[in-house]
Structures are given as C-alpha cells and as structure tokens.
Amino acid sequence: NLPKVGHGGSLDAMASGLMVLLLNDANKFVDRVMGADRAYTGTMRLGLKTNTHDIHGETTGGGKVPDAGSLAGMSGKSLSEFTGDIFQTESRWCSVRKEGSAGYETADTGSHAPQMVHVYKFVPEWTKATPAGGGMDVPFSVKATKGLLVKTLVNDFGDALGCGAALSSLRRTMIGRFSVEDAIPFAKLLETDAAGFPSLVKPLSRAMA
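Residues numbered from 1 in each chain as written. Predicted model: local features only at pLDDT ≥ 70, side-chain atom pairs only at ≥ 80, totals over all residues. Heavy atoms only, no water.

Things to note about the nonpolar core
Counting residues in each nonpolar core, the largest one holds 30 residues, and the members touching the most others are Met44, Leu46, Phe122, Phe140, Val142, Val150 and Phe157. For this core, the secondary-structure elements that each account for two or more residues are β4 (38-46), β10 (115-124), β12 (135-144), α3 (150-161) and β13 (165-175). Apart from the residues within four sequence positions on either side, leucine 46 is in contact with Val65, Leu71, Trp126, Gly135, Met136, Val138, Leu161, Cys163, Gly164 and Ala165. Leu18, Val33, Ile175 and Val180 belong to the second-largest nonpolar core, a separate cluster that totals 11 residues. (Core = buried A, V, L, I, M, F, W, Y, C linked by side-chain atoms within 4.5 Å. Buried < 20%, exposed > 50% of the residue type's maximum accessible area, 1.4 Å probe, protein only. Helix = DSSP H or I, 4+ residues; strand = E, 2+ residues; numbered from the N terminus. Contact = heavy atoms within 4.5 Å.)

Have a look at this one:
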C-alpha cells in the first residue's frame, strides 16, 4: 500500500551511502529533508585533474604530488579557503553510468552559474594517504549545507595545492537527523516480504520530531 514514494536527495553515479525514502504522507515533508545539511566521507586522488572532477573523466592536467609532510602544511593554509561560505562552479562535464554496464561515460550538461554553499568542515586525513594511479589517494570527510558539489570541492582544493585532485570515491553518511548507520541495506529491502516491511519504516512522528 505505497501509492506515493519519494526521496530526500539522489546520489551521484559513483556515490554510495544514505538515501532517505519518503512514503505516502511523508512526502509532504520532502522540502525539509531535501534542505537539510549533509555529511560525506570519500577519497580524493592528488596528481590528477579531469574534466568531470572525478577519476572517470578525461584527464586534463595534474602535477607532481608533494610529500605528505609538505601537503599537511600546504593544506593548513588552503583549507581556510574551503570552509565557511564558498562559491562553486560545477563542471559542464559529468560522469554517468553506461546503461547495462559498470562503466562510465561523459555527458555534456552545459555551462553552470556559480553557487554559494556553506562548508562546516573539510578534513583530509593525510596520515592515511596511499599511493595510487601515479598520484596519491587521500581519505577525507566533509559536512556542508545542501547543494555542495563534493567533486568540485576536491577539484578546487587540488588547484590550490598546485598538483590537481579528482574525486575517486564518495559515500553519503548523513542527511539532517538521518544517519547511514541506521539505514536499511538495499539487499535487505529486496528480501523483506510485505508482512515484514512495516517494521523497517520509521513513523513520521519519530522521523520528524
């Protein structure tokens, strides 16, 4: 008995993590969920710059990656430019999944105007950096308002470091009060019969309290 099913924000083609589904009357609160703050974890590949701002696009540049000690010092100066109110301009090129395939292709989405978002925190984990693809993969976490383009944040941060950077993985961990730690794996949804389904749903009063 699900006449209406909506969602509180889609995921990029390469992203995993939390998706909030709104059932029936909960869709009246879609604006509240869609407008909530978000948090992500991910990995950026230093030494690579692409037209899509992720590792699935066409390489357009990149440079030698400084050692981890130098990067930590450089990022300390650069990170202040990537917290608080910042302006972002989305690339006109976007990586999309090939239909029926695990591969990606590039789509032209046209030019985009700059947009302002607020970044509460952006934390690269330099001590966990590993060599990858001729560069270096660095884990990070970020929390921001709705509308943050994580791959563009990574691209612009790479420009500030002088070596380029592209998003190599992304996982959404939070939307407002909803956390991926409390989420139901998609495989479990597929295995659940109609009788067991209601036990997986958060009541509207509890979800929006």
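Quick look at a nonpolar patch on the surface
A cluster of nonpolar side chains, contributed by Leu2, Val5, Met19 and Leu21, occupies part of the molecular surface with about 350 Å² of accessible area. Its location among the elements puts methionine 19 in the loop between β2 (15-17) and β3 (21-23). (Patch = residues over 30% accessible without salt bridge, like charges linked within 9 Å, V, L, I, M, F, W, Y side chains within 5 Å. Areas by Shrake-Rupley, 256 points an atom, 1.4 Å probe, with all protein chains shown as cover. Salt bridge = Lys/Arg side-chain N within 4 Å of Asp/Glu carboxyl O.)

Observations concerning the pattern of salt bridges
For the structure shown, the criterion picks out 4 salt bridges. With a closest N to O distance of 2.8 Å, aspartate 137 and arginine 45 form a salt bridge. Taken together, the positions of aspartate 137 in strand β12 and arginine 45 in strand β4 put the pair 92 residues apart, joining distant regions of the chain. Lysine 128 is the partner of glutamate 125 in a salt bridge, and the nearest nitrogen-oxygen pair spans 3.0 Å.

Brief notes about the side chain of threonine 43
Along the chain, threonine 43 turns up in strand β4. For threonine 43, the side chain forms a polar contact with the side chain of serine 169, separated by 3.0 Å. Setting aside residues up to four positions removed in sequence, threonine 43 forms contacts with Asp137, Val138, Pro139, Phe140, Ala166, Leu167, Ser168 and Ser169. (Polar contact = N/O pair within 3.5 Å; in protein donor to acceptor, adjacent residues only side chain to side chain.)

Focus on the pairing of β13
Among the 11 residues that make up β13, 8 are buried, leaving the element largely enclosed by the rest of the structure. In terms of strand pairing, β2 meets β13 through 3 bridges, oriented parallel. Its bridge partner being in β13, alanine 15 is matched across the sheet by leucine 170. For β4 and β13, the ladder comprises 9 bridges, and the chain directions are antiparallel. Counted as the bridge partner of leucine 46 is alanine 165 from β13. Inspection of the sheet shows β13 paired to strand β14 (residues 178-179) by 2 bridges, in the antiparallel sense. Within β14, the residue paired with isoleucine 175 across the bridge is phenylalanine 178. Count of turn residues in the β13/β14 antiparallel hairpin: 2 residues, of which glycine 176 carries a positive phi of about 60°. (Pairing = 2+ DSSP bridges.)

Quick look at unusual backbone geometry
Positive phi values are uncommon outside glycine, yet asparagine 24 reaches one of about 55°. A positive phi angle is found at histidine 53, which is not glycine, with a value near 70°. Relative to the helices and strands, histidine 53 resides in the loop between β5 (49-50) and β6 (59-61).

Topic: a positive patch on the surface
A cluster of basic side chains, namely Arg32, Arg177, Lys202 and Arg206, defines a positive patch on the protein surface. Looking at the element boundaries, arginine 177 is found in the loop between β13 and β14. Residue arginine 177 is classed as exposed on the basis of its relative accessible area, which comes to 54%. (Lys, Arg positive; Asp, Glu negative; His and termini not counted. Charge placed at Lys NZ, Arg CZ, Asp CG, Glu CD.)

Remarks on α3
Here α3 contains 12 residues, and its C-alpha end-to-end distance of 17 Å stays within 8% of the 16 Å for a straight helix at 1.5 Å per residue. Within α3, 9 of the 12 residues are buried, leaving the element largely enclosed by the surrounding structure. Turning to α3, its buried residues are Val150, Lys151, Thr152, Leu153, Val154, Asn155, Phe157, Gly158 and Leu161. Glycine 162, located one to two residues past α3, shows a positive phi value of around 90°. (Expected span 1.5 Å × (residues − 1).)

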